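Per-entry structural report
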Amino acid sequence: MSITCEEVQKLAELARLELTEEEIKKTETDLDAILGYVQRLAQIDTTDSKPTAAEAMSEGWREDEAIPCDDRTRELIYSNFPARKGNLLHTPGVFSAPKK
Amino acid sequence: MQPLNELSLTEARAALDNGTITSEQLTKDCVTKAKGLNGSLNALIELYETEALTQARDADERRKQGNSAGVLDGIPLVLKDNILNQGHVVSAGSKMLANHISASDATVTHKLKNQGAIILGRANMDEFAMGSSNERSAYGPTRHPRDPERVPGGSSGGSAVAVAADFTIAALGSDTGGSIRQPAAFCGIVGFKPTFGRVSRSGLIAMASSLDQIGPMTKTVKDAAILFDAIQGPDVLDQTTAKTTPFIAAWKKDLKGVRIGLPRQAWGEGMQPGVRTRVTEAIDVLKNLGAEIIEIDLPYVEEALAVYYVLMPCEVSANLSRLDGMRYGLRLENLPLFETYAQSRAAGFGPEVKRRILLGTYALSRGYYEAYYLQAKKVQTLIRKAYVKAFETVDVLLTPTAPTTAFKIGEKTADPLTMYLEDIFTVGVNVAGLPAISVPCGNSPDNGLPVGLHLTARAFDEANLLAIADCYEMASK
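Summary of the structure given here. (Residues numbered from 1 in each chain as written. Chains lettered and ligands numbered in written order. Predicted model: local features only at pLDDT ≥ 70, side-chain atom pairs only at ≥ 80, totals over all residues. Heavy atoms only, no water.)

1. With respect to helix H8 (residues 273–288) of chain B
Residues and elements named next belong to chain B. Helix length check: H8 (16 residues) gives 23 Å between terminal C-alpha atoms against 22 Å at 1.5 Å per residue, within 8%. Gly274, Val275, Arg278, Val279, Ala282, Ile283 and Leu286 are the residues of H8 that are buried. Next to the buried residues of H8 lie strand E7 (259–263), strand E8 (292–296), strand E9 (396–400), strand E10 (436–443), strand E11 (450–457) and helix H15 (462–476). Phi for Gly290, located one or two positions after H8, is positive at around 105 degrees. (Helix = DSSP H or I, 4+ residues; strand = E, 2+ residues; numbered from the N terminus. Expected span 1.5 Å × (residues − 1). Buried < 20%, exposed > 50% of the residue type's maximum accessible area, 1.4 Å probe, protein only. Contact = heavy atoms within 4.5 Å.)

This is the structure in structure tokens:
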């Protein structure tokens, strides 16, 4: 099974990655090789096998609750905002028309 | 007098405790060595010289007052650049997070600081821990301490070199498919990946969350035990940490009654002759210590690399989707939303990261999910069961850590699959969530470069694993 340029382009859109023509070609070659290798899994009989999670012995999900944050931590989080207005995060407009 | 930066953690602890050295002297020697050699080796992205020396003087003051903070008090350590350290830039070796300041400490960082450790710097790594050579860092490749034309392995290559070249007493790395153990083998140090669930990953920049584990990279096995003990334990901030009996070191004088399994599947082609020679000699050492060597079947484990290269990219594509230029990380401005995402990510990520995101996106797409992700999860279960069955007959499993010794820079970057094969012996352990260690077993007769011996144990049986590794290390010195 071989992956096409169009498929790579579609994946790039889904993954929100802009790729150059050259990157698309290279990705096509690389993914073909890797997918060719992992195809071996299709040969394995897994009729009686179920997906399992790691043997973690944890207590599972915790309550979803807000944890108080000290001033220093809060200020450091603000300082990482790519664009900031006061203590607010500035983002591009959500409803502007996409080019694609 | 031996430069203090060459001391092991155990030796440094003893020397600090009996007052023959101070933490300031120890830290100064580490800083001097790092400043002298980092320009050529590129093991550290950043060295916190002033801060480290201040912390060292504080540690000396504490011990003078009789208030030692613990077993790591005054010991300089290096963190891989994906372990958060409050107030410092931590970038995961990526341009995406080039200016990203940690808002809080990772749980492991918090524990180290509480026990008085001195954080000396952050170590270079393959971008987002994706690589086996440290050539994939956005900050340039790290070089092998014995041969600058060669790679140190990866992705914790900077941590490995910092330890091997004596910039630091010890370091932390992270291991998703072999990223602690393979660079440890290449650089001739000890690299230890604990059981999944032993060490909190809170504050570790995630690559593949069902596989990632933090662990020690040290000069000796006993050092690894000390550092592991300092970072282990359940954590409310990481729901995958296990509530189970903690690790307590239990050293052995010999290996009488210990059964060591050699998986038949591992000894085929692809292994360098020099690697085979040294590992075979190590088996003789273990026999002489009284261990029983048993050849065993380990079915399905040769499929672990394929399972890994499906599951890992799937988790990567999900985990790295948060890096979209909105709340933190690189943002390319003044564009509509879709283009802001796509161009920020295109500019922030390197080629290997993009490749794995695309691979994961593919494997999780409608129509492919069952064939790839679900099938890989089912084979993962078969692999887990195969290990459990093997451990009914043996206590540990033995292979080389990597099929080769350190290779030349550029030798494997053109073909990703060749690079991925570096993980063939280490990756099964991550897929099954088990503990494993790489211990130096001499230099290859082919090229004089270090070879690593790889031991794997039952889940949460680190005490036995480290004891066997220590026994070998003592006997082989």
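Text resumes after the structure shown.
2. With respect to a nonpolar patch on the surface
Where nonpolar side chains cluster on the molecular surface, the patch consists of Ile67 of chain A together with Val236 and Leu237 of chain B and spans about 340 Å² of accessible area. Inspection of the secondary structure puts Ile67 of chain A in the loop between helix H2 (21–38) and helix H3 (71–79). (Patch = residues over 30% accessible without salt bridge, like charges linked within 9 Å, V, L, I, M, F, W, Y side chains within 5 Å. Areas by Shrake-Rupley, 256 points an atom, 1.4 Å probe, with all protein chains shown as cover. Salt bridge = Lys/Arg side-chain N within 4 Å of Asp/Glu carboxyl O.)

3. Regarding the interface of chain A and chain B
Taken together, the contacts link 63 residues of chain A with 70 residues of chain B. Overall, the association of chain A and chain B removes approximately 5600 Å² of surface from exposure, summing both partners, and the carbon and sulfur fraction of that is 64%. For the pair chain A and chain B, the number of links is three salt bridges. The residue Lys354 of chain B makes a salt bridge to Glu23 of chain A at a minimum N-O spacing of 3.0 Å. Counting across the chain A and chain B interface gives 23 residue pairs in polar contact (both at pLDDT 80 or more). Contributing elements (two or more residues each) for the side of chain A that touches chain B: helix H1 (5–14), H2 and H3 of chain A. (Buried area = accessible area lost by both parts, 1.4 Å probe. Polar contact = N/O pair within 3.5 Å; in protein donor to acceptor, adjacent residues only side chain to side chain.)

4. A few points about the nonpolar core
Residues and elements named next belong to chain B. In terms of nonpolar packing, the biggest core is built from 168 residues, with Leu112, Phe128, Tyr387, Leu398 and Ile437 touching the most fellow members. Top element by residues in this core is helix H9 (residues 304–319). It accounts for 11 residues. For Ile437, the residues in contact, after removing those within four places along its chain, are Arg181, Val190, Gly191, Phe192, Val221, Leu453, His454, Leu455, Leu465, Leu466 and Ala469. (Core = buried A, V, L, I, M, F, W, Y, C linked by side-chain atoms within 4.5 Å.)

5. Some remarks on the environment of Tyr373 of chain B
Residues and elements named next belong to chain B. Its place among the elements puts Tyr373 in helix H12 (residues 370–393). Tyr373 sits in the buried class, given a relative accessible area of 18%. Between the alpha carbons of Tyr373 and Leu358 there is a distance of 14 Å; along the sequence they are 15 residues apart. The residues contacting Tyr373, other than those within four sequence positions of it, are Val310, Leu311, Cys314, Ala363, Leu364 and Tyr368.

6. Focus: the packing of H2 of chain A against helix H11 (residues 351–363) of chain B
Closest axis-to-axis distance for the H2 of chain A/H11 of chain B pair is 10 Å, and the angle between their directions is 60 degrees. Considered as vectors, H2 of chain A and H11 of chain B are oriented oblique to each other. Considering the relative orientation of H2 of chain A and H11 of chain B, their crossing is right-handed. Note on element contacts: H11 of chain B touches H2 of chain A through Lys354, Arg355, Leu358, Leu359 and Tyr362 of chain B, opposite Glu23, Lys26, Thr27, Asp30, Leu31, Ile34 and Leu35 of chain A. Here the residues of the contact of H2 of chain A with H11 of chain B sort into six nonpolar, one polar and five charged. (Axes fitted to C-alpha atoms, helices over the stretch in contact; angles between N-to-C directions. Parallel < 35°, antiparallel > 145°, perpendicular 65-115°, else oblique. Left-handed = near helix turned anticlockwise from the far one by under 90°. Nonpolar A, V, L, I, M, F, W, Y, C, P; charged D, E, K, R; others polar.)

7. Examining the pattern of salt bridges
Counting across every chain of the model gives 33 salt bridges over all chains. Arg84 of chain A serves as the salt-bridge partner of Glu75 of chain A, at 3.1 Å between the closest nitrogen and oxygen. On the accessibility criterion, Glu75 of chain A (38% relative accessible area) is partly exposed. Note on Arg84 of chain A: relative accessible area 34%, which makes it partly exposed. Asp238 of chain B serves as the salt-bridge partner of Arg201 of chain B, at 3.0 Å between the closest nitrogen and oxygen.

8. A word on the side chain of Gln182 of chain B
All names here are of chain B. As for its placement among the helices and strands, Gln182 is situated in helix H6 (residues 181–187). Gln182 sits in the buried class, given a relative accessible area of 0%. Polar contacts involving the side chain of Gln182 include one to the main-chain amide nitrogen of Gly154, which spans 2.9 Å. Leave out the neighbours within four places in its chain, and Gln182 touches Ser132, Gly153, Gly154, Thr401, Ala402, Phe407 and Glu422.

9. Examining the packing of aromatic side chains
Residues and elements named next belong to chain B. On inspection of all chains with the given rule, the structure shows 12 aromatic pairs over all chains. Ring plane angle 45 degrees and centroid distance 4.9 Å describe the contact between Phe228 and Phe247, whose orientation is recorded as tilted. With Phe228 in helix H7 (residues 221–231) and Phe247 in the loop between H7 and E7, this residue pair connects regions lying 19 residues apart in the sequence. On the accessibility criterion, Phe247 (5% relative accessible area) is buried. (Phe/Tyr/Trp six-rings, centres within 6.5 Å; stacked < 30°, edge-to-face > 60°.)

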